[in-house]
Amino acid sequence: MSAQLASTIVTFGAVFFAIAVTLWAVRLTRGIREANMGWRRRAEDLEDKINQADSLFAAHPGLVMVWSDAAASADGQWDVPRIYGSQVALGSMLKFAQSSNRADPASAILEGLADYEARDASGADTTMRARLKDLHTRGEPFSLTIIGPNGHFLEADGRAAGAQIALWLTDSTIKGLEESSARGRLEELRHSISKDPVAFIDMLSKAPSPAWRLSSGLKLEWANSAYLKAVEASDLDDALDRQLAFDQQISVQAKAAIESAATNSQIYAVVTGGKRCHYAVSCFPVSGGVACLAHDVTAAEALRDDLRLQARAHDETLNHLADAVVIFSTEQKLIFHNTAFAQLFGLDDHWLESGPSHGDWLDFLRKRRRIPEQAKYTDWKQAELAHYANAPGTESPDELWHLPDGRILRVTRLRHPLGGLLFIFEDMTDQVNLKAQFTTLINVQKATLDKLVEAVAVFGADGRIRLHNASFEALWQLGPKDIAEGEPFDAIAEKCRTLLPAGKYWEDMKARITDPGGEMRIHKYGEINRSDGSVLTWLSHPLPDGASVVAWADVTDSKRVEKSLKDRAEAIQAAADLKSHFVEHVSYQVRAPLTTISGYADLLEGGYAGPLNDKLKGPVDAIHAASAQLATMLENILDVAAVEAGTLALDLNDVDPCTIIEGVVALVQTRAEQTRVHIKVDCPTDVGVLRADGPRLKQVLYNLMINALTYTQENGTISVGAAVEENTVRFWVADDGIGIDEEKRARVFEEFESGKGGGAGLGLALVRSFIDLHGGLVRFESTKDQGTCVTCLLPRLASIENAPPELELQGTDASA
């Protein structure tokens with residue numbers, strides 16, 4: 001930036017020397033009104049001003065071309081202009097135009113530059129030839145950046161200056177050259193100024209950058225049009241009357257320039273035209289005051305701000321990295337570090353901010369044993385610092401630092417783009433430890449693989465064997481020397497054909513191993529029968545690295561056991577079918593005689609054979625009781641058979657629990673009175689109704705009541721009731737009888753398990769079956785000598801899976 005500022009100062013220094021000419025012209029006009037001043041003194045003053053202007057143009061790092069006649073020819077060509085500037089600038093422009101014609105340099109430069117690619121202030125592409133034509137014909141000013149060969153840039157500004165046309169050409173490549181190397185064109189400049197000083201002053205007044213002059217008292221004396229536009233003055237008189245300043249702080253800079261008799265420069269933020277712009281203002285002392293020149297550096301400041309933000313973002317990014325980063329300058333001074341660096345080495349921020357050298361940092365860490373222990377530390381340190389002397393582009397290999405505290409760091413050294421070295425320290429301790437653990441795990445897995453009973457082999461994508469265990473050799477009856485590492489699959493398959501000749505199996509297996517297609521590389525398993533009578537199960541599974549693992553297991557014994565179990569299950573099923581058929585047959589055969597016996601008992605009781613005396617009534621009543629008991633047992637047997645066959649269907653209807661309980665109690669009341677057992681009913685009226693098979697539910701409660709009466713002693717109590725729990729209705733039958741032995745509790749709901757009563761043992765079995773058909777649940781609780789409680793939980797809407805199709809439809813409608 002300092003080089004750019006210096007070049008700006010030199011560039012606009014020439015302009016401000018021209019200001020002196022302007023001041024001279026002002027004095028000249030003032031001298032016309034003062035006729036008493038002698039022409040000789042005015043001529044001497046003019047000579048001094050010409051000398052100053054000549055020095056100014058000699059220091060200008062560019063050329064100024066002036067056309068006295070603003071008109072252009074019909075074909076767009078222009079006359080040869082007058083040219084101002086130093087020999088250095090002239091040579092630079094000729095080189096830029098790729099011409100060595102010094103006989104007519106102006107034409108050579110114009111023709112050489114006219115058709116180069118150029119961009120105007122809006123970024124539009126154009127050429128200097130087109131814009132010069134517009135300037136000559138219509139007086140349209142322009143500012144262009146001409147893109148020359150080898151990436152050089154040229155600034156071109158064209159303006160109309162009265163009756164003349166001025167073209168300012170500036171090449172930044174000659175900025176910064178010593179003033180002594182420039183050669184002015186004194187005679188030509190003097191001739192131009194003496195010929196038309198007013199036009200020259202007008203040309204300077206229309207320069208694109210603000211320029212102004214202050215008196216020794218820091219009063220504004222003159223300004224060009226760019227300055228007037230910047231301060232929003234209507235004309236020069238308005239600016240002088242109001243003493244409009246470009247920026248209030250510039251007066252301090254101008255005063256310093258007068259006092260020091262030297263040029264100074266400073267950047268200001270100025271609001272012009274409603275926009276905030278940055279200007280580089282240069283002040284330099286002149287005769288009678290100070291001249292100032294402002295150059296718009298808004299774009300440069302924006303780039304500087306962007307660069308600053310980018311650098312800050314870069315630093316923030318590095319600061320959030322988990323790896324430690326540190327940068328040393330070319331002087332081996334620490335210029336940047338991130339937070340991870342300070343934490344990794346336990347360094348104090350204040351010490352790091354002091355900017356220690358690379359060597360001091362190494363010494364500091366050595367004292368605290370935070371770098372690798374070195375037998376010859378001095379030689380190691382010199383080798384570390386020698387990396388700064390390596391040629392650019394030379395890469396230093398990464399190193400591992402084993403610190404005394406057990407940590408392992410990977411050190412990466414990189415050349416920094418701005419010079420110096422950038423170090424990245426990555427803590428590899430966990431990674432190295434994990435790698436060691438992984439290696440150990442692999443070895444353990446290999447040892448484990450050898451201990452497996454299953455035969456395992458791993459084949460690469462090329463079909464060659466990579467790994468196998470001892471079981472593989474034993475299963476296929478191969479010796480240790482029969483399989484070599486990397487042996488092709490075909491060779492191994494050929495050795496295994498003695499036990500499994502099937503060629504298609506080996507062809508398919510090879511395809512799954514070697515074919516990279518997705519259709520073949522899938523998990524596959526199957527079963528094969530070998531020629532020795534053994535049965536093997538196999539599977540192949542693709543691995544992520546393209547390999548495949550194949551495993552075989554001898555399941556001959558398992559198959560034999562499986563066949564035995566299957567035969568036994570079939571025999572058990574046949575026995576169950578035979579039992580069901582037998583039950584149905586016996587029940588049918590018994591029902592007919594039982595009906596006959598019951599019918600004749602009714603006839604005898606009704607007096608068909610004459611009145612019965614008291615001696616005969618007892619046997620007839622016994623016949624009735626035995627017939628009823630036998631009929632009930634047959635019904636239970638048929639129900640059990642229907643349940644086992646899955647043919648029992650529920651007749652679902654709306655059922656009142658209290659009504660069911662009252663009906664059951666009425667059936668057993670006589671028996672309860674005979675055994676002197678009290679029955680307690682607990683059924684509140686708010687139980688409501690539920691969807692269930694009423695007769696089956698009544699049969700459930702009846703069986704539970706009969707079971708309770710059987711196990712309840714004289715003067716005992718049986719409680720029966722119902723209650724609502726959310727969407728469930730709970731029925732229970734509890735007694736305070738002798739209870740059931742613990743070893744018999746698990747079998748109370750099994751078929752044909754008879755207890756104290758000596759019955760068929762089907763009552764409780766049917767209880768569980770009927771409740772299951774309803775989608776409910778049975779709970780059984782019994783304590784020796786304290787009683788038994790059986791609870792049945794039924795849903796409000798019974799399951800319709802076991803209902804007839806027509807009832808299923810009705811249940812669906814009811815649910816809706």
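Residues numbered from 1 in each chain as written. Predicted model: local features only at pLDDT ≥ 70, side-chain atom pairs only at ≥ 80, totals over all residues. Heavy atoms only, no water.

**Student:** An account of the overall build of the protein is needed here, citing residue identities and associated values.
**Tutor:** Check the secondary structure of the protein and you find 26 helices and 29 strands. Across the 816 residues in the protein, those meeting the buried criterion constitute 41%. Taking contacts inside the protein between residues at least 6 apart in sequence as the whole, the part at least 24 apart equals 55%. For the protein, the exposed area adds up to about 44,400 Å²; of that, 53% sits on carbon and sulfur atoms. (Helix = DSSP H or I, 4+ residues; strand = E, 2+ residues; numbered from the N terminus. Buried < 20%, exposed > 50% of the residue type's maximum accessible area, 1.4 Å probe, protein only. Contact = heavy atoms within 4.5 Å. Areas by Shrake-Rupley, 256 points an atom, 1.4 Å probe, with all protein chains shown as cover.)

**Student:** Go over the side chain of Asp693 with me, naming the residues and quoting the values.
**Tutor:** Structurally, Asp693 is set in the loop between β25 (690-692) and α23 (694-711). Within the structure, Asp693 has its side chain in polar contact with the backbone nitrogen of Asp651 (distance 2.9 Å). Apart from the residues lying within four places of it in its own chain, the contact partners of Asp693 are Ala649, Leu650, Asp651, Leu652 and His774. (Polar contact = N/O pair within 3.5 Å; in protein donor to acceptor, adjacent residues only side chain to side chain.)

**Student:** Any chance you could break down the packing of aromatic side chains for me, citing the residues and the numbers?
**Tutor:** Scanning the model with the defined rule gives 24 aromatic pairs in all. Ring geometry for Phe341 and Trp361: centres 5.7 Å apart, planes at 35 degrees, overall tilted. On the criterion of sequence distance, the pair formed by Phe341 in helix α12 (residues 339-345) and Trp361 in helix α14 (residues 358-367) is long-range, its members being 20 residues apart. Of the two residues, Phe341 and Trp361, neither departs from the other in class, the shared state being buried. Judged by centre distance (5.2 Å) and plane angle (85 degrees), the ring pair of Phe345 and Phe425 falls under edge-to-face. Of this pair, Phe345 sits in helix α12 while Phe425 sits in strand β17 (residues 421-427), and the two are 80 residues apart along the sequence. On the basis of relative accessible area, Phe345 is assigned to the buried category, the value being 1%. (Phe/Tyr/Trp six-rings, centres within 6.5 Å; stacked < 30°, edge-to-face > 60°.)

**Student:** Explain the confidence of the model for the protein to me, using residue names and the numbers behind them.
**Tutor:** Scored by pLDDT, the protein has a mean of 78; 75% of the residues are at 70 or more. Counting contacts from residues 176-191, a segment whose pLDDT is below 50, to residues more than four positions away or on other chains yields 29 contacts. In this model, residues 806-816 is a region of pLDDT below 50 whose contacts with residues beyond four sequence positions or in other chains number 12 contacts. (pLDDT = per-residue confidence, 0-100.)

**Student:** An account of the pairing of strand β27 (residues 728-735) is needed here, citing residue identities and associated values.
**Tutor:** A large share of β27 lies buried, amounting to six of its eight residues. Note: strand β26 (residues 717-725) against β27, eight bridges, orientation antiparallel. Note on β27: the bridge partner recorded for Ile718 is Asp735. Between β26 and the antiparallel strand that follows it, β27, lie two residues; Glu726 among them carries a positive phi value of about 55 degrees. Where β27 meets strand β29 (residues 787-795), eight bridges bridge the pair, whose relative direction is antiparallel. (Pairing = 2+ DSSP bridges.)

**Student:** Go over the state of the cysteines, please, and point to the residues and values.
**Tutor:** For the coordinates displayed, the defined rule picks out one disulfide. Between Cys658 and Cys683 runs a disulfide, and the two sulfur atoms are separated by 2.0 Å. A torsion of -90 degrees about the S-S bond marks the disulfide between Cys658 and Cys683 as left-handed. Of this pair, Cys658 sits in helix α22 (residues 657-674) while Cys683 sits in the loop between β24 (678-682) and β25; the two residues are 25 residues apart in sequence, bridging distant segments of the chain. With respect to burial, Cys658 and Cys683 carry one shared label: buried. Note on Cys789: no disulfide assigned, nearest cysteine sulfur contributed by Cys792 at a separation of 9.6 Å. (Disulfide = S-S within 2.5 Å.)

**Student:** Help me get a handle on the pattern of salt bridges, residues and values and all.
**Tutor:** All told, the structure shown has 25 salt bridges when counted by the stated rule. With its nearest N and O atoms 3.0 Å apart, the salt bridge here joins Arg676 to Glu714. One end of the pair, Arg676, is in the loop between α22 and β24; the other, Glu714, is in the loop between α23 and β26, and 38 residues separate them in sequence. Its relative accessible area of 48% is what places Glu714 among the partly exposed residues. Linked through salt bridges whose partners overlap, the residues forming this network are Asp134, Arg138 and Glu140. (Salt bridge = Lys/Arg side-chain N within 4 Å of Asp/Glu carboxyl O.)

**Student:** Got a sec to walk through the sheet that holds β27? Specific residues and values, please.
**Tutor:** Taken in spatial order, the five strands make up an open sheet running β24-β26-β27-β29-β28, and their pairing is mixed. Pairing within the sheet leaves two strands with one partner each, and these edge strands are β24 and β28 (777-783). Along the sheet, successive strands turn relative to each other by an average axial angle of 10 degrees, direction set aside. Relative to the sheet, α22 contacts β24, β26 and β27, its axis offset from that of β24 by approximately 175 degrees. Docked against the sheet, α23 engages β24, β26, β27 and β29, running at close to 20 degrees with respect to β27. (Axes fitted to C-alpha atoms, helices over the stretch in contact; angles between N-to-C directions.)

**Student:** Just give me the short version of the sheet that holds strand β5 (residues 142-147), but keep the residues and values in it.
**Tutor:** The antiparallel open sheet is built from seven strands, whose spatial order is β2-β1-β7-β6-β5-β3-β4. In this open sheet, the two strands that pair with only one neighbour each are β2 (82-85) and β4 (125-126).

**Student:** How would you sum up the nonpolar core? Please name residues and give values.
**Tutor:** The tendency in soluble globular proteins is for nonpolar side chains to be buried as a group. Among the nonpolar cores identified, the biggest contains 42 residues, and Ile661, Leu704, Phe731, Val733 and Cys792 are the most heavily contacted of them. Elements represented by at least two residues in this core include exactly α22, β25, α23, β26, β27, α25 (763-773), β28 and β29. Sequence-distant contacts of Val733, defined by excluding residues within four places in its chain, comprise Leu701, Leu704, Met705, Ala708, Ile718, Ser719, Val720, Thr788, Cys789 and Val790. (Core = buried A, V, L, I, M, F, W, Y, C linked by side-chain atoms within 4.5 Å.)

**Student:** Go over unusual backbone geometry, please, and point to the residues and values.
**Tutor:** Of note, Gln332 is a non-glycine position whose phi angle comes to about 65 degrees, a positive value. Structurally, Gln332 is set in the loop between β13 (324-328) and β14 (334-337). Take Gln332: its relative accessible area is 23%, and that puts it in the partly exposed class. Unlike most non-glycine residues, Asn715 shows phi in positive territory, near 65 degrees. Locating Asn715 in the fold gives a position in the loop between α23 and β26. Residue class for Asn715 comes out exposed when judged on its relative accessible area of 54%.

**Student:** Lay out helix α3 (residues 87-96) with the relevant residues and their values.
**Tutor:** The periodicity of an α-helix, 3.6 residues per turn, causes residues three or four places apart in sequence to face the same way. Every buried residue belonging to α3 is among Ala89, Leu90, Ser92, Met93, Leu94 and Phe96, and all of these are buried. Residues of α3 that are buried in the fold lie against β1 (62-67), β2, α4 (105-113), β5, β6 (153-161) and β7 (164-171).

**Student:** How would you explain the packing of α22 against α23 if you had to name every residue and give the values?
**Tutor:** Across the interface, α22 lies against α23 with an axial gap of 9 Å and an inter-helix angle of 35 degrees. Considering how the two elements wind past one another, α22 and α23 form a crossing that is right-handed. Contacts from Ile660, Ile661, Gly663, Val664, Leu667, Val668, Arg671 and Ala672 in α22 reach Gly694, Leu697, Lys698, Leu701, Tyr702, Met705, Ile706, Leu709 and Thr710 in α23. The class makeup of the residues in the contact of α22 with α23 is 12 nonpolar, three polar and two charged. (Left-handed = near helix turned anticlockwise from the far one by under 90°. Nonpolar A, V, L, I, M, F, W, Y, C, P; charged D, E, K, R; others polar.)

**Student:** So what's going on with the environment of Glu140? Which residues, and what values?
**Tutor:** Tracing the chain through its elements places Glu140 in the loop between α5 (128-138) and β5. Residues Glu140 and Ala160 lie 20 residues apart in sequence; the distance between their C-alpha atoms is 7.9 Å. For Glu140, the residues in contact, after removing those within four places along its chain, are Asp134 and Leu135. Within polar-contact distance, the side chain of Glu140 engages the side chain of Arg138 at 3.1 Å.

**Student:** For a nonpolar patch on the surface, give the residues involved together with the corresponding values.
**Tutor:** On the surface, Phe438, Leu441 and Val444 cluster together to form a nonpolar patch covering roughly 290 Å² of accessible area. If you trace the backbone, Val444 turns up in helix α16 (residues 429-451). (Patch = residues over 30% accessible without salt bridge, like charges linked within 9 Å, V, L, I, M, F, W, Y side chains within 5 Å.)

**Student:** How would you summarise helix α19 (residues 503-514) if you had to cite specific residues and measurements?
**Tutor:** Along its 12 residues, α19 runs 17 Å from first to last C-alpha, staying within 8% of the 16 Å computed at 1.5 Å per residue. For α19, the secondary structure elements touched by its buried residues are β18 (455-459), α18 (489-496), β20 (524-529), β21 (535-542) and β22 (548-554). (Expected span 1.5 Å × (residues − 1).)

**Student:** Explain the packing of α14 against helix α15 (residues 377-385) to me, and be specific about the residues and the numbers.
**Tutor:** Helix packing for two helices is described by the angle between their axes and how far apart those axes are. Across the interface, α14 lies against α15 with an axial gap of 10 Å and an inter-helix angle of 140 degrees. Between α14 and α15 lies a crossing of right-handed hand. In this structure, α14 contributes His358, Gly359, Leu362, Asp363 and Arg366 to the contact, and α15 contributes Tyr377, Trp380, Lys381, Glu384 and Leu385.

**Student:** Describe the environment of Arg366, with residues and values.
**Tutor:** Here Arg366 lies in helix α14. Taking the C-alpha atoms as reference points, Arg366 and Tyr377, separated by 11 residues in sequence, lie 9.0 Å from one another. Beyond its immediate chain neighbours, meaning those up to four positions away, Arg366 contacts Ile371 and Tyr377.

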